[in-house]
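# Observations on the model geometry
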Amino acid sequence: MIFLAIRYLLAKRKQTLFTLMGIFFGSAAFVAISGFFIGFQDYIVDKLVNTSAHIHIQAREDFLEEHSLDSSFFGKNSGYVFWSPPPSGRKDNARVENPQGWYDRLSVDPRVEAYSPQLTASGIFSKAKSSVTASIIGCNPAQQAKVTTIASLMEEGKFTDIAAGGNRLIVGKELMKRLGATVSQTILVSVGTGSPTPFKIVGYFNSGNKNSDLQAYGSLEDVQKLNGTPNTVNEIAVSLKDYKQATNLALLWSKISSEKIESWEQQNSSLFSMFALQDALRYMMIIAILTVAGFGIYNVLTMTVSHKKKDIAILRSMGYSPKEIVYIFLSQGLILGVSGAILGMLFGYLICLYLQTLQFAGAPGSATTEQMHISLAFSIFAQSSMLAIFSSTIASIIPALAAGRLSPIEIIREGAE
Amino acid sequence: MGITAHKIWKTLGDPPLKIIKGISLTINDGEFVSITGRSGAGKSTLLYLLSSLDTPSEGDIEISGYSLKKMKDKDLFRFRTEKMGFVFQFHYLISELTALENVLLPAMKNKQQMKVRGRAEMLLEKFGLADKMGRLPRQLSGGEQQRVAIARALSMNPAYLFADEPTGALDSINGEMVMKIIKDASRESKTTVVMVTHDSDYALLADRQIHLTDGEIASQ
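Residues numbered from 1 in each chain as written. Chains lettered and ligands numbered in written order. Predicted model: local features only at pLDDT ≥ 70, side-chain atom pairs only at ≥ 80, totals over all residues.

So, about the overall build of chain B. Of the regular secondary structure elements, chain B holds seven helices and 10 strands. Burial status across chain B gives 48% buried among its 220 residues. At a minimum sequence separation of 6, the contacts of chain B that also span at least 24 residues come to 70%. (Helix = DSSP H or I, 4+ residues; strand = E, 2+ residues; numbered from the N terminus. Buried ≥ 20, exposed ≤ 12 C-beta atoms within 10 Å, placed from the backbone. Contact = placed C-beta atoms within 7 Å.)

Let us look at helix H1 (residues 2-11) of chain A. The α-helix advances 3.6 residues per turn, and as a result positions three or four apart in sequence lie on the same side. All names here are of chain A. Of all the positions in H1, only Leu4, Ala5, Tyr8 and Leu9 are classed as buried. Angularly, the buried residues of H1 cover 140° about the axis, an arc narrow enough to put them on a single face. Summarising the geometry of H1, the exposed residues directed more than 90 degrees from the buried face are Ile2 and Leu10. (Arc of directions from axis to C-beta.)

Turning next to the interface of chain A and chain B. Contacts between chain A and chain B engage 18 residues on the former and 21 residues on the latter. Considered class by class, the residues forming the side of chain A that touches chain B number 11 nonpolar, four polar and three charged. (Nonpolar A, V, L, I, M, F, W, Y, C, P; charged D, E, K, R; others polar.)

Turning our eyes to something else, we now look at the confidence of the model for chain B. Of the residues in chain B, 100% have a pLDDT of 70 or more, and the chain-wide mean is 89. Two numbers describe this predicted complex: its pTM, 0.71, and its ipTM, 0.87. (pLDDT = per-residue confidence, 0-100.)

Let us now look at the sheet that holds strand E2 (residues 17-27) of chain B. Residues and elements named next belong to chain B. Reading across the sheet, the four strands line up as E2-E1-E4-E5 and stay open at both edges, with antiparallel pairing between neighbours. In the strand order of this sheet, the two ends are held by E2 and strand E5 (66-67), each with one partner. Two strands pair when backbone bridges link them, and strand E4 (residues 58-63) and E5 are joined in this way by two bridges, in the antiparallel orientation. Among the inter-strand pairings, Glu62 is bridged to a residue of E5, identified as Ser67. (Pairing = 2+ DSSP bridges.)

For Pro110 of chain A, the position within the fold is in the loop between helix H4 (99-108) and strand E4 (112-127). Along the sequence, Pro110 of chain A and Lys241 of chain A sit 131 residues apart, while their C-alpha atoms lie 8.4 Å from each other.

Moving on: the pairing of strand E3 (residues 32-37) of chain B. All names here are of chain B. A large share of E3 lies buried, amounting to six of its six residues. With burial as the criterion, each face of E3 is covered, one bearing Phe32, Ser34 and Thr36 and the other bearing Val33, Ile35 and Gly37. Here four bridges tie E3 to strand E8 (residues 192-196), and the two strands are oriented parallel to one another. If you follow Ile35 over to E8, its bridge partner there is Val196.

Turning to unusual backbone geometry, a few remarks are in order. Trans peptide bonds make up the majority, and among non-glycine residues the majority have a negative phi. Omega for the bond connecting Ser84 of chain A with Pro85 of chain A falls within 30 degrees of zero, at -10°, which places this linkage in the cis form. Along the chain, Asp14 of chain B connects to Pro15 of chain B via a cis peptide bond; the corresponding omega equals 5°. Inspection of the secondary structure assignment puts Pro15 of chain B in the loop between strand E1 (3-12) and E2. In this structure, Ala128 of chain A is a non-glycine residue whose phi angle is positive, near 55°. With respect to the secondary-structure elements, Ala128 of chain A resides in the loop between E4 and strand E5 (130-139). According to the C-beta neighbour criterion, Ala128 of chain A is exposed, with 10 such atoms within 10 Å.

Here is the structure:
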């Protein structure tokens, strides 16, 4: 019966070709555009996952509400207190409460790959007459290197050079440029009302991102001392064995602690909203193309059924069942759908291979160029073929069922009249 | 066992019009029966009822001992493929297939085309179409097309051949050629043939003539 379906299609070559082109372009466009967008999304996610921690445990963040201070001022049974004006503002904690408790928990959790306690402070960096406001991050470099890629971004010096303490700094390239400093030179760093403390630059890193490159790293003890907060951390960066568990774990940990805990996905939620929008546009476009192609198949098959009534009558007289008649016409739609999808996916794949060879400029301010990141994930091809086959099946089922319902005897009587 | 009709009626349209009025008849195995009558007498309707293409409004038909009323659709479709052949006034060849492929169409249903190919070629050769097997229907004359249609009907070596005005669209030379083929099929293969015809001369070639008048058997 497939044989007959193919012959019917070959008999109307021009119509068949035009209908095939619809499915072909739909599938090719889906593969190429999906490859581009998903490749871009994977690239961004890869950057986020690999360059920063998966979960950030930070000092708690509280907001004052109208009755937050009632009991503090008037006792527990104060009744209803009217404030004019009501209290407002934040009452953030400047540190993670009980960090040792977190270290104990994280070090035995099998889902945790590594963690790194940090103390981040905003400081004024100065050298001669130049002064720049930037962040200074105190950390244990060995632990920090396990949760971020900072060690691999070093252009001069080693990240572990700050481990020995003694007021050593690793600075970002942008910060070093703005200070007009070089490696081995000493700069002054002051935090809050503290007096300027000399730090020696022992190396610098370049991430390609200006904001990240406007930071400096020192040993945790040095920064704690600089900040006047010994044994204090305000963030614990955690990397997981499976980064996809980050949001679930962050939500779970939030329930059992008062700290502000966010996953990398929560911190970049606006980015994921943009990805969702991209995905929606991608699907809308393919659905629009395949709907047009589906109408093409519907028209071709409706015309074929109308022109092939006598064939249907003679096939039924030979013992072909209504189901087999449906199959003959349905398979024409499926042949168009499957072959259009295969050819389209192949063409889309070739486009993807070509796009992969193109270069694009790296991050703003970065002199590097990178190759396009195009996804060739199996799921793209699976979705493309499913959408093409689904649309062609839906488009061909109505005319095919109509063919199966035709009465042979009525067709023969019509023919005799 | 042949074909037996038990008081069959066929009513069509609204208001209902009685086309076949309580006909009972028996056609024996290997018998060649012609059905004649004026236009509107119900000849073709009777043929379609006897061949299972149409269903009677009342009454029942038995073919080879099987009641068509009781037969399951699946069994009926298989019975048609394996035991019945049809020839119509118009050839109804599939225009996209060659003459040989058209003849093999019934066999293709059961994927027996390889097995039946030899017989199909033999029939086409016998009907003078040995050099035209690969031609499309539009490349054949009217007589040749009808001979291909008869070869298709006989390709599965059916027990029953139903022919509705098989010479109706042919000139006298081609008509005689077609009648000779049908007569030979009846005589050589012992195929039971039921043929509707307007032509009294062709009707006389049959073993028995059934004459219909106004939906009833006038003579046989």
